[in-house]
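# Survey of secondary and tertiary structure
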Amino acid sequence: MKTTFREENGKYIATLEGRLDTVASEQTAKELSVLDDCMGHDIVIDCTKLEYISSSGLRILLNIRKNAAANHSKVTLMNINDEIRKVFQLTGFISLFDIKNQ
C-alpha cells in the first residue's frame, strides 16, 4: 500500500495505491493521521489506483470523515472502482461520502 499527500488549491489530497487490507491498515492509518488537523481544508482522497478495501480500510476512511466534520471540512472520494463502490453500497458507506469520478 502506498500513500502520498499534497496540498492543492486549499485542499489536502491523499492518493491511495494498492490494497488497503488488514495488513496495510495500521501503517496507512498512521500515514493518513496527518489529515486529522485539516482545520477548514477539504480533503480529497484519490482512489484511482486503490485496488481493494477491507473493513479496516473503511474504518480509516470513517475516522477521516469524522475528524473532518469536527473541523468543518468535507471529504470527497475520487475515482473509486466498481468493486470498491459495491463494498460502499453494501456497508451503507455510499451515503456517508461525496463520491466523484473525473
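Heads up: the structure comes first, above all this text.
Residues numbered from 1 in each chain as written. Predicted model: local features only at pLDDT ≥ 70, side-chain atom pairs only at ≥ 80, totals over all residues. Heavy atoms only, no water.

## Structural notes on the pairing of strand S3 (residues 43–53)
- Here eight bridges tie strand S2 (residues 11–20) to S3, and the two strands are oriented parallel to one another. Opposite Tyr 12, over in S3, you have Ile 43 as the bridge partner.
- Here S3 runs beside strand S4 (residues 75–78); their pairing, made up of four bridges, is parallel. The residue of S4 that forms the bridge with Val 44 is Thr 76.
- Between S3 and its parallel partner S4, the chain crosses via helix H2 (residues 55–70), and the hand of that crossover is right-handed. (Pairing = 2+ DSSP bridges. Helix = DSSP H or I, 4+ residues; strand = E, 2+ residues; numbered from the N terminus. Right-handed = clockwise from strand over helix to strand, strands pointing away.)

## Things to note about unusual backbone geometry
- We note that Asn 9 has phi near 50 degrees; this positive angle belongs to a residue other than glycine.
- Along the polypeptide, Asn 9 turns up in the loop between strand S1 (2–8) and S2.
- For Asn 9, a relative accessible area of 73% puts it in the exposed group. (Buried < 20%, exposed > 50% of the residue type's maximum accessible area, 1.4 Å probe, protein only.)

Just distances and angles here, no functional claims.
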